[in-house]
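Coordinate analysis (summary)
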Amino acid sequence: MSRRQRLRLILVLGSLIAVGPLTIDMYLPALPAIVDDLATSSAAVQLTLTGTLIGLALGQLLIGPLSDAVGRRKPLIAGTVLHIVASVCCALAPNIAVLGALRVVQGLGAAAAAVIAMAVVRDLFSGSAFAQLLSRLLLVMGAAPVLAPTLGSELLRWTQWRGVFAALAVFGILLLLIAVRGLPETLPPLRRQRGGAAPTVRLYGSLLRDRAFVGLVLVAGLAMAALFAYVGGSSFVLQGQYGLDEQQFGLAFGAGAIGLIAATQANVRLLRRYSPRRILVSALLVGSAASLVLLGFAATGIGGLPALLAALWVVLATAGLALPNAPALALTRHGEAAGTASALLGAAQFGIGAVAAPLVGAVGTGAIAMALVIAGGMVSALVVLLLVVRSGSLPALKPDPLAAPAH
């Protein structure tokens with residue numbers, strides 16, 4: 001694959017991957033406004049975020065095996081249409097209960113883009129080549145959380161929170177055009193799995209019997225939980241506790257995500273010298289230490305907001321190194337069922353994240369609660385990697401600088 005072809009693939013798949021973060025993050029600056037407008041509580045509004053993550057998790061479990069059976073394009077197009085319809089309905093939601101239910105449906109639609117993009121990469125690449133391309137895609141995925149709250153805060157200058165969901169519907173339409181015109185089918189009929197409930201159950205069973213695969217899925221999910229604890233709690237911490245307005249929150253949130261973006265791109269260079277296994281272990285060691293420092297800053301107030309943001313930056317950066325490499329090591333083990341394996345991986349990430357977001361609200365809305373859940377996610381990911389996956393047993397997957405396609 002030439003550099004130009006790879007760049008085009010990155011742009012198309014990056015657009016698909018961006019739909020999830022935009023759906024999750026774009027309305028974050030509006031959370032306090034939704035509380036007031038719908039006369040509800042902050043905990044209830046945080047549950048709308050949980051609903052989206054549940055939809056993303058369940059949707060991937062359904063769409064992954066379906067895409068292994070019928071190909072990648074049809075499930076992607078159907079899911080994108082569902083996302084568009086749900087976004088329009090969210091903009092018209094009369095109360096918090098309806099909004100929460102619609103956010104689940106919106107997550108189901110967004111799941112198609114998430115799982116298909118990952119499966120397409122695995123259709124074409126494996127090993128370190130997979131991790132390198134995934135790092136490039138995470139540049140787009142990292143930019144989406146940076147841009148989403150900022151875009152949302154700018155939209156709130158001109159419209160109410162409902163306008164954010166209208167903008168998501170427009171993005172969905174653009175995504176549909178990109179998918180129809182720019183993404184060819186990457187799973188030929190000869191490589192497709194036999195459809196039906198029984199084969200799907202057997203396939204999931206074979207994946208769940210792979211100790212290392214399950215452990216790596218949990219590692220990716222727990223690292224994602226740390227991110228979603230930040231996503232779910234940051235608006236209340238930064239706006240409520242530290243007094244930032246909507247625009248300042250968008251900038252602070254974006255600055256934190258720069259660490260994630262920088263790390264994903266540094267990962268491409270690191271993979272030319274080190275194995276994904278070594279990078280993953282090192283990232284989780286540093287990330288766990290940084291998350292405990294973050295908890296100390298939150299509990300004592302030492303350094304104020306700058307110290308808190310600096311520690312968050314380090315945690316996000318280490319997550320940016322862990323998130324491409326854990327999936328690369330996991331999916332390399334099961335290239336014959338990339339869609340189903342990607343679905344299980346994505347479901348774990350968003351499912352565990354769905355627990356992390358309201359957990360912050362249950363513990364409290366302050367910095368200590370957010371830092372506690374973040375530290376729990378990072379430290380747990382390290383423990384699972386060392387005790388369950390047993391990182392020394394994983395293949396080194398020495399990198400190919402040209403990232404040659406898999407056959």
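For every chain, the first residue of the written sequence is number 1, and numbering continues from 1 along that sequence. Thresholds applied to this predicted model are a pLDDT of at least 70 for local features of residues and 80 or more for the giving and counting of side-chain atom pairs; totals over whole chains, interfaces and linings are not thresholded and use all residues. As a convention, hydrogens and water are excluded, and side-chain values are obtained from all of the structure's heavy atoms.

What follows is about a positive patch on the surface. On the surface, a cluster of positive charge is contributed by Arg3, Arg136, Arg269 and Arg272. Inspection of the secondary structure puts Arg3 in helix 1 (residues 3-25). For patches, a residue must show more than 30% relative accessible area and have no salt bridge; joins then use 9 Å for like charges and 5 Å for nonpolar side chains, namely Val, Leu, Ile, Met, Phe, Trp and Tyr. To be clear on the numbers: accessible area is Shrake-Rupley with a 1.4 Å probe, and residue cover counts the displayed protein chains and nothing else. The term salt bridge refers to a side-chain nitrogen of Lys or Arg lying within 4 Å of a carboxyl oxygen of Asp or Glu. Under the convention used here, Asp and Glu are negative, Lys and Arg are positive, and both His and the chain ends fall outside the count. To locate a charge, the coordinates of NZ of Lys, CZ of Arg, CG of Asp or CD of Glu are taken. For helices the rule is a DSSP run of H or I covering at least 4 residues; for strands it is a run of E covering at least 2, with both sets numbered from the N terminus onward.

Turning our attention to a nonpolar patch on the surface. Together, Ile258, Leu285, Val286, Trp313 and Val314 give the surface a local cluster of nonpolar side chains, amounting to about 420 Å² of exposed area. On the secondary structure map, Ile258 appears in helix 10 (residues 246-270).

For a helix, the expected span equals 1.5 Å multiplied by the number of residues minus one. An ideal rise of 1.5 Å per residue puts 40 Å on 28 residues; helix 12 (residues 304-331) measures up with 41 Å between its terminal C-alpha atoms. Burial here depends on accessible area, computed with a 1.4 Å probe over protein chains only, as a share of the maximum for the residue type. Under 20% is buried, over 50% is exposed, and the range in between is partly exposed. Summarising burial for helix 12: 22 of the 28 residues are buried, a large majority.

With that settled, consider the state of the cysteines. When two cysteine sulfur atoms lie within 2.5 Å, the pair is treated as a disulfide. Counting across every chain of the model gives zero disulfides. Note on Cys90: no disulfide assigned, nearest cysteine sulfur contributed by Cys89 at a separation of 7.4 Å. You can call Cys90 buried: its relative accessible area is 0%.

In this section: the nonpolar core. Grouped together as the largest cluster of nonpolar side chains are 118 residues, with contacts concentrated most on Leu13, Val219, Leu280, Leu284 and Ile374. Per-element tally for this core: the top contributor is helix 9 (residues 211-241), with 18 residues. Any two residues having at least one pair of non-hydrogen atoms within 4.5 Å are treated as being in contact. Beyond its immediate sequence surroundings of up to four residues, Val219 is in contact with Leu280, Leu284, Ala326, Ala381, Val384, Leu385 and Val389. Counting residues in hydrophobic clusters, the runner-up holds six residues, among them Leu271, Ile279, Ala283 and Leu321. To qualify as a nonpolar core, a set must consist of buried Ala, Val, Leu, Ile, Met, Phe, Trp, Tyr and Cys residues joined through side-chain atoms within 4.5 Å.

The next subject is the packing of aromatic side chains. Aromatic pairing here means that ring centres of Phe, Tyr or Trp (its six-membered ring) are within 6.5 Å. Orientation follows from the plane angle: under 30 degrees is stacked, over 60 is edge-to-face, and everything else is tilted. According to the stated counting rule, one finds two aromatic pairs in the structure shown. Seen in terms of ring centroids, Trp161 and Phe165 are 6.1 Å apart; in terms of plane orientation they differ by 90 degrees. Their pairing is edge-to-face. Of the two residues, Trp161 and Phe165 are both situated in helix 7 (residues 161-182); the distance of four residues between them amounts to about one turn of the helix. There is no split in this pair, since Trp161 and Phe165 are both buried. Put simply, the rings of Tyr27, Trp161 and Phe165 pair up and form one aromatic cluster.

Another aspect to go through is the packing of helix 9 against helix 12. Axes here mean lines fitted to C-alpha atoms, for a helix over just the part in contact, with angles spanning 0 to 180 degrees between N-to-C directions. Interaxial distance between helix 9 and helix 12 falls to 9 Å at its minimum, and their mutual angle equals 150 degrees. Compared by their axis directions, helix 9 and helix 12 come out roughly antiparallel. Crossing hand, helix 9 versus helix 12: left-handed. Residues Phe213, Leu216, Val219, Ala220, Ala223, Met224, Leu227, Tyr230, Val237 and Leu238 of helix 9 pack against Leu305, Leu308, Leu309, Leu312, Leu316, Ala319, Leu323, Ala326, Leu329, Ala330 and Leu331 of helix 12. In this classification, the charged set is Asp, Glu, Lys and Arg, the nonpolar set is Ala, Val, Leu, Ile, Met, Phe, Trp, Tyr, Cys and Pro, and all remaining amino acids, among them Gly, are polar. Looking at the contact of helix 9 with helix 12 residue by residue, the class counts come to 21 nonpolar, no polar and no charged. These descriptions rest on fixed angle ranges, namely under 35 degrees for roughly parallel, over 145 for roughly antiparallel, 65 to 115 for roughly perpendicular, and the rest for oblique. Helix crossings get a hand from a simple test, with the near helix turned counterclockwise from the far one by less than a right angle marking a left-handed crossing and a clockwise turn marking a right-handed one.

Looking now at helix 9. Between its first and last C-alpha, helix 9 extends 42 Å over 31 residues, near the 45 Å set by a 1.5 Å rise per residue. Throughout, the bend at a residue refers to the angle made by two axes, fitted to the seven residues ending there and to the seven starting there. Along helix 9, the helix axis deviates most sharply at Gly233, where the bend reaches about 50 degrees. Along helix 9, 26 of the 31 residues are buried, which leaves the element largely enclosed by surrounding structure. N or O atoms closer than or at 3.5 Å make up a polar contact, with two conditions inside protein: a donor-capable atom paired with an acceptor-capable one, and, for residues adjacent in sequence, both atoms drawn from side chains. For helix 9, the capping residue at the N-terminal end is Asp210, with a side-chain oxygen 3.2 Å from the backbone nitrogen of Ala212.

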